[in-house]
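Commentary on secondary and tertiary structure
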Amino acid sequence: MKAYNPHEIEPRLQLAWEEAGLYTVPENSDAPKKYVLEMFPYPSGDMHMGHASNYTYGDVVARYSKMQGFDVLHPMGWDAFGLPAENAAIKHHSHPAIWTYENIETQKKSFSRMGFSYDWDRKVVACDPEYYRWGQWIFLKFWERGLVERRNSPVNWCPSCKTVLANEQVIEGRCWRCDSEVEKRDLTQWYYKITDYAQELLDDLDQLEGWPERVKQQQANWIGRSEGANVDFILCDRDGNAPENPTEDDIITVFTTRADTLFGCSFFLLAPESKLLRGLVEGTEYEAPVMELVEAAKKVTAVQRAQGDHEKHGAFTGRYVVNPINGEKVPVWVGDYIVADYGTGAVMAVPCGDQRDFEFARKYDLPIIPIILGEDDALYPQLKDEQNRVVTTVDWEKSYEAEGKLVQSGKYTGMVGGKHSPAVDAIIGDLEAAGKGKKSVQFRLRDWLISRQRYWGNPIPAIYCDKCGLVPVPEEDLPVTLPKDIDLSAGETLATHEEFAKCTCPKCGGPARRETDTMDTFTCSSWYYLRYTDPHNTELPFAPEKANRWMPVDQYIGGIEHAILHLLYSRFFTKVLRDMGMVDFDEPFKNLLCQGMVLDEHGDVMSKSKGNVISPEDMIAGYGADAVRAYILFMAPPDKELQWNEDGLAGMYKFLNRVWRMVGDLAGVAGEDTLYQEGGKLSAAEAAKVLVRERHRVCGKVVEDFDRNNFNTAIAAIMELANATGDFLHAASAEERAANAELKALSADIAEVLVKLLSPICPHWSEELWHTVLGHEGSVHVEPWPEFDPEKAKADEVELAVQVNGKVKAKITVAADAAEEDVKAQALEAVSQAIEGKDVKKVVVVKGRLVNIVAK
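Let me sum up the structure you'll find in this document. (Residues numbered from 1 in each chain as written. Predicted model: local features only at pLDDT ≥ 70, side-chain atom pairs only at ≥ 80, totals over all residues. Heavy atoms only, no water.)

**A short note on the overall build of the chain**
Inclusion rule: The numbering of helices and of strands both runs from the N terminus, where a helix is a DSSP run of H or I of at least 4 residues and a strand a run of E of at least 2. Residue burial is assigned from relative accessible area. The probe radius is 1.4 Å, only protein chains are included, and a residue is buried under 20% of its type maximum, exposed over 50%, and partly exposed in between. Note on definitions: a residue-residue contact is assigned when non-hydrogen atoms from the two residues lie within 4.5 Å. Here Asp and Glu are counted as negative and Lys and Arg as positive; His is not counted, and neither are the chain ends. The atoms used to mark charge sites are NZ of Lys, CZ of Arg, CG of Asp and CD of Glu.
Looking only at helices and strands, the chain has 27 helices and 34 strands in total. Each principal axis of the C-alpha distribution contributes one length, and for the chain these read about 110 × 90 × 45 Å. When each of the 856 residues of the chain is scored for burial, the buried share is 54%. Taking contacts inside the chain between residues at least 6 apart in sequence as the whole, the part at least 24 apart equals 72%. In the chain, which carries 94 positive and 134 negative side-chain charges, the distance between the mean positions of the two groups comes to 1 Å.

Next up, the structure:
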């Protein structure tokens, strides 16, 4: 039997699979479908072990599903637009396309080297015009449906990337891509109105039973639904007088979830970006300090504002508003902890119940009026009957967070306060009746800002005409292609590229200019999974019947870092396309596996920016792809962090060599170099009996583990079957197995089972054994999964630990179906010396595991 040589086997089989079209997806079949998808990568160079682990998980699921009788769609492509390619082009005086496509070819070779079972005929590359054409088509369809808007608003600006960022792309106040501190700027930008689907995006999280709870919770928190009321405050003039007949310009509306705290409002806050501010203070003594605060607030990140745990700064505007619940005037301040894009950007400050407002009030000596107290609070007896204000300041160290009853709250005094409380309902009802407020639902989710000021992205298909205004590019003129003759290193942009920017208005035929912003790259990844179902369609982005055949994705695999960005956007796209009649399902991804990060030897996450990546190619050069695959799967569960340690890789390689020879022994082709000689502890009959039981137990265990993506325990179970096989081969000589029909049949069966169980994990290893050792035609990867009988997996006898007062004193072997009383009797006999002279209080049998005896 020839030795296991992955370096000879793997390239040869990869070529054979490609030539045979082994992984080509059938278009017409009666078999059930299984769509397995890993998030497509960015082509920023060759892949590292973090990528390799992600794609290996997906490949195992795809191969296993194929053997389970499914038609499997398992495609791959590249998320190929974005800033890294642009920066690389500038650095190397090259073009982003050159850098991108070179890296794609490098990665594709590495994918093939790992033996991944992709249907390369379905490859999708986001920067190919035949793909991004349909991204532009989707943009136009969204525009037709009122889901596209161009407006001026404060945006997140990354000074390093020189582009705007969506809220979701600002991580703790820094750019998700380059980690630079993000600024706020006013710009006119393009938006997708994802907020139109906020409620459905929240409600449909309940459909996602196959998603990790933490991901669903992150999305729910980001969408951030709040029930409350819009409350109208009347703005006083500069003399402090409220208008007798206020107009819309005199009203500042706030959103609050706690209308029951209106009596505790002692000041009013505007966000530094509020459009009202300059008009309030212009030409007054308050203008300079307010504008100084506005400038300083630009350095306070959105996250800091949302968390509110930084030192707070404010400035008085000199103006007042009238509290609609009691007619009292409260001062208007600007505060650097107010978020402009939540609610209305104006806040009624209630320092007695909000710690941020409490800290602000303390700093600027503003009133802190207690209005909700628990009955055990020292102030409650004094204020429980007070409807008028008698206490306007407190000596508390922090705000009052407990629930309680209203005090100093007019006719509502004595009512229970809190969210969804009787007090909230009563006050909102009275405000609505008076025309001063109404019930409202607000979401934390903001519209998706898709404009990017860069070249290497999907051009926004819009035209500016002096006569016709803003005009969509006609569908027949798509795609709007990027110019190839651009010199980014010389500072050239789409806006300065006259040949691209200058165009003719499709309405009037007059001179016009193209939009020179490109789309956020997340627009490319929000529908690519649909293009895979019909990648060569030239009439539509995909045929609805093909998408409906394969979708939703049955198993999606990718990093937890995409919990909000990519996954939320993809869900939004799917729902819009459903409403367009393009698909007939609500959600794109049925089951989601978020793989853990791969860490280096020091416990740091592998990344190119840190320079600590380990290349799979280096590991493959030493041990072959199959050993690398098996080791990745064995080291840790896929959703846990994996700390890479090369030491164990040699052990996995040794295991594959051992089972390679084992299969040869079982098939009778190992020759004189057999690893197994006579002299095992068991007889041939006993070893065969154990092996049959292990064969059925392990086959069932592997199915159970694969179905739960527990690949590490599946491999451990296969190792247990290999150990039982070794015992069998020790006990039964080659001659005995050849002469005994039952032993011969068992040997042949176990050989096939071992090869099939390992085939999703080690595809080259198993394919070679299937052909050259077991002598089969065709591929093992289209063979049915081994059948198993749970009844045959049951043990005749089991070993139980016997504990006395929690400490193991003996072990006993009993029949698997032994009566409990018999087990107790045998256990008591086994520890008779340990309990001699003691009173046995209790004997507890934990079936199949242990017997615990309590004796005093």
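**A closer look at the nonpolar core**
In globular proteins that are soluble, nonpolar side chains generally tend to be buried together. Stated formally: Buried Ala, Val, Leu, Ile, Met, Phe, Trp, Tyr and Cys residues form a nonpolar core when they are joined through side-chain atoms within 4.5 Å.
Residues Tyr192, Trp448, Tyr529, Leu530 and Phe728 are the most contacted members of the largest nonpolar core, which totals 183 residues. No other element matches helix H23 (residues 711-731), which puts 12 residues into this core. With residues near it in sequence (within four places) discarded, Tyr192 still touches Phe139, Phe142, Leu147, Val148, Asp447, Trp448, Ile450, Met519, Thr523, Phe572 and Phe573. One finds Val290, Cys352, Ile427 and Ile428 within the second-largest nonpolar core, a separate group that totals 61 residues.

**Overview of helix H20 (residues 625-635)**
Burial analysis of H20 places 9 of its 11 residues in the buried class, which makes it a mostly covered element. The complete set of buried residues in H20 reads Ala625, Asp626, Ala627, Val628, Arg629, Ala630, Tyr631, Ile632 and Leu633.

**Focus on the packing of H20 against H23**
Just so we agree on the cut-off: Angles shown run from 0 to 180 degrees and are taken between the N-to-C directions of axes, each axis being a line fitted to C-alpha atoms and, for helices, limited to the stretch in contact. Oblique is the label for any angle not under 35 degrees, not over 145, and not in the 65 to 115 range, which are roughly parallel, roughly antiparallel and roughly perpendicular in turn. Crossing chirality is assigned from the near helix's rotation relative to the far helix, an anticlockwise turn below a right angle marking it left-handed and a clockwise turn marking it right-handed. Amino acids are sorted into nonpolar (Ala, Val, Leu, Ile, Met, Phe, Trp, Tyr, Cys and Pro), charged (Asp, Glu, Lys and Arg) and polar (every other residue, Gly among them).
Following both chains from N to C, one finds H20 and H23 inclined at 110 degrees, their axes separated by 6 Å at the closest point. Regarding the angle of H20 to H23, the classification is roughly perpendicular. In this structure, H20 crosses over H23, and the sense of that crossing is left-handed. On the side of H20, the interface is formed by Ala630, Leu633 and Phe634, while H23 contributes Phe711, Asn712, Ile715, Ala716 and Met719. Its residues assigned to classes, the contact of H20 with H23 shows 7 nonpolar, 1 polar and no charged.

**Topic: the pairing of strand S33 (residues 840-846)**
Rules: Paired strands are those between which DSSP finds at least two bridges.
Where S33 meets strand S34 (residues 850-855), 6 bridges bridge the pair, whose relative direction is antiparallel. Of the residues in S34, the one forming a bridge with Val845 is Val851. Adjacent in sequence and paired antiparallel, S33 and S34 are bridged by 3 residues, among which Gly848 carries a positive phi angle near 80 degrees.

**Brief notes about the side chain of Ser526**
The criterion, for reference: Counting of polar contacts relies on pairs of N or O atoms within 3.5 Å, with two restrictions inside protein: one atom must be capable of donating a hydrogen and the other of accepting it, and residues adjacent in sequence are counted only when both atoms are side-chain atoms.
With respect to the helices and strands, the residue Ser526 is situated in the loop between helix H15 (522-525) and helix H16 (528-531). A relative accessible area of 0% places Ser526 in the buried class. Within the local environment of Ser526, its side chain forms a polar contact with the backbone oxygen of Phe522, the two atoms lying 2.5 Å apart. With residues up to four places along the chain from it excluded, the contact list for Ser526 reads Trp448, Tyr569, Ser570 and Phe573.

**Topic: the sheet that holds strand S19 (residues 448-449)**
Pairing in this open sheet of 4 strands is antiparallel, and the strands run S6-S5-S9-S19 from one edge to the other. With partners counted over all chains shown, the strands left at the sheet margins are strand S6 (163-165) and S19, one partner each. On the sheet, helix H5 (residues 129-144) packs against strand S5 (148-158) and strand S9 (183-192) and is oriented at approximately 85 degrees with respect to S9.

**Let's talk about unusual backbone geometry**
For residues that are not glycine, phi is negative in most cases, and the peptide bond is trans in most cases. For the bond from Leu478 to Pro479, the omega torsion is 0 degrees, close enough to zero to count as cis. Topologically, Pro479 is positioned in the loop between strand S23 (469-472) and helix H14 (498-501). The omega torsion across Met551 and Pro552 is -5 degrees, close enough to zero to call that bond cis. Here His93, not a glycine, exhibits a phi torsion of approximately 50 degrees, which is positive. Relative to the helices and strands, His93 resides in the loop between helix H3 (83-92) and helix H4 (96-113). By relative accessible area, which is 64% here, His93 ends up exposed. Look at Asp365: it is not a glycine, yet its phi comes out positive at around 55 degrees. Positionally, Asp365 belongs in the loop between helix H11 (355-364) and strand S16 (372-373).

**Points about the sheet that holds strand S27 (residues 555-559)**
Ordered by their spatial adjacency, 4 strands build an open sheet running S2-S1-S27-S28, and the pairing between neighbours is parallel. The open sheet is flanked by strand S2 (71-73) and strand S28 (592-595), the only strands paired with a single partner. Mean inter-strand twist for the sheet, computed between neighbouring axes without regard to direction, equals 20 degrees.

**A look at the packing of helix H22 (residues 684-707) against helix H25 (residues 741-758)**
Put simply, H22 and H25 touch, their axes get as near as 11 Å, and they point 30 degrees apart. Taken as axis vectors, H22 and H25 run roughly parallel relative to one another. Helix-helix and strand crossings are classified by hand; for H22 and H25 the assignment is left-handed. Contacts from Ala684, Ala688, Leu691, Val692, Arg695, Val698, Cys699 and Val702 in H22 reach Leu743, Leu746, Asp749, Ile750, Val753 and Leu757 in H25. Classifying every residue of the contact of H22 with H25 by side-chain character gives 12 nonpolar, no polar and 2 charged.

**Regarding the pattern of salt bridges**
The cut-off we apply is this: We define a salt bridge as a side-chain nitrogen of Lys or Arg found within 4 Å of a carboxyl oxygen belonging to Asp or Glu.
The final tally for this structure, using the stated rule, is 49 salt bridges. Residues Asp447 and Arg151 are paired through a salt bridge, measuring 3.3 Å at the closest nitrogen-oxygen approach. Of the two residues, Asp447 is situated in the loop between strand S18 (437-443) and S19 and Arg151 in strand S5; the sequence distance between them amounts to 296 residues. One connected set of salt bridges, linked through shared partners, spans Glu200, Asp204, Arg571, Lys575, Arg578, Asp579, Asp586 and Glu587.

**Quick word on the environment of Arg708**
Within the secondary structure, Arg708 is located in the loop between H22 and H23. Relative accessible area serves as the criterion here: at 48%, Arg708 is assigned to the partly exposed category. Separated by 115 residues in sequence, Arg708 and Leu593 have C-alpha atoms that sit 10.0 Å apart.

**Describing the packing of aromatic side chains**
Two aromatic rings are characterised by how far apart their centres lie and by the angle between their planes. Put simply, the rule reads: Classification of ring pairs rests on two measures: the distance between centres of Phe, Tyr or Trp rings, Trp counted by its six-membered ring, which must be within 6.5 Å, and the angle between planes, read as stacked under 30 degrees, edge-to-face over 60 and tilted in between. Charges are assigned to positions over rings by a cutoff of 6 Å between ring centre and Lys NZ or Arg CZ, combined with an angular limit of 35 degrees from the ring normal.
On inspection of all chains with the given rule, the structure shows 53 aromatic pairs. Pairwise contacts between aromatic rings join Phe139, Phe142, Trp143, Trp190, Tyr192, Tyr197, Trp448, Phe522, Tyr569, Phe572 and Phe573 into one cluster. Note that Arg514 overlies the ring of Phe500, its terminal NZ or CZ placed 5.9 Å from the centroid. Seen from the ring of Trp550, Arg549 lies directly overhead, with NZ or CZ sitting 4.4 Å from the centre.

**Observations regarding helix H1 (residues 6-20)**
Test applied: Helix span, as expected, comes to 1.5 Å for every residue beyond the first. The arc refers to the directions leading from the helix axis to the C-beta atoms.
For H1, with 15 residues, the first-to-last C-alpha span of 20 Å sits near the 21 Å given by 1.5 Å per residue. For H1, the complete set of buried residues consists of Pro6, Ile9, Glu10, Leu13, Gln14 and Trp17. Viewed along the axis of H1, the buried residues span an arc of 120 degrees, placing them on a single side of the element. Opposite the buried face of H1, at more than 90 degrees from it, the exposed residues are Glu18 and Glu19. Along its buried surface, H1 packs onto helix H2 (49-67), H4, helix H19 (616-623), H20, helix H21 (647-667) and helix H26 (763-773). Gly21 lies just past H1 and shows a positive phi near 60 degrees.

**Here we look at the environment of Phe40**
With respect to the helices and strands, the residue Phe40 is situated in the loop between strand S1 (33-38) and H2. Residues Phe40 and Tyr528 lie 488 residues apart in sequence; the distance between their C-alpha atoms is 8.9 Å. Discounting residues that sit within four places of it in the chain, Phe40 has contacts with Met76, Gly77, Trp78, Asp79, Cys524, Ser525, Tyr528 and Tyr532.

**A closer look at the pairing of strand S12 (residues 267-270)**
In summary, the side chains of a regular strand alternate between the two faces of the sheet. Burial of S12 is two-sided: the residues Phe267 and Leu269 facing one way and the residues Phe268 and Leu270 facing the other way are all buried. Where S12 and strand S15 (residues 346-349) come together, 4 bridges link them in antiparallel fashion. Across the sheet, Phe267 pairs through a bridge with Ala349, a residue of S15. The sheet contact formed by S12 and strand S14 (residues 329-335) spans 3 bridges and is parallel. Paired with Leu270 across the two strands is Val334, which belongs to S14.

**A closer look at the side chain of Asp534**
When you line up the elements, Asp534 lands in the loop between H16 and helix H17 (544-550). Looking at Asp534, its side chain comes within polar contact range of the main-chain nitrogen of Ala543, at 2.8 Å. Those residues in contact with Asp534 that lie beyond four places of it in its chain are Arg122, Pro541, Phe542, Ala543 and Lys546.

Read these as layout, nothing more, since geometry by itself doesn't imply function.
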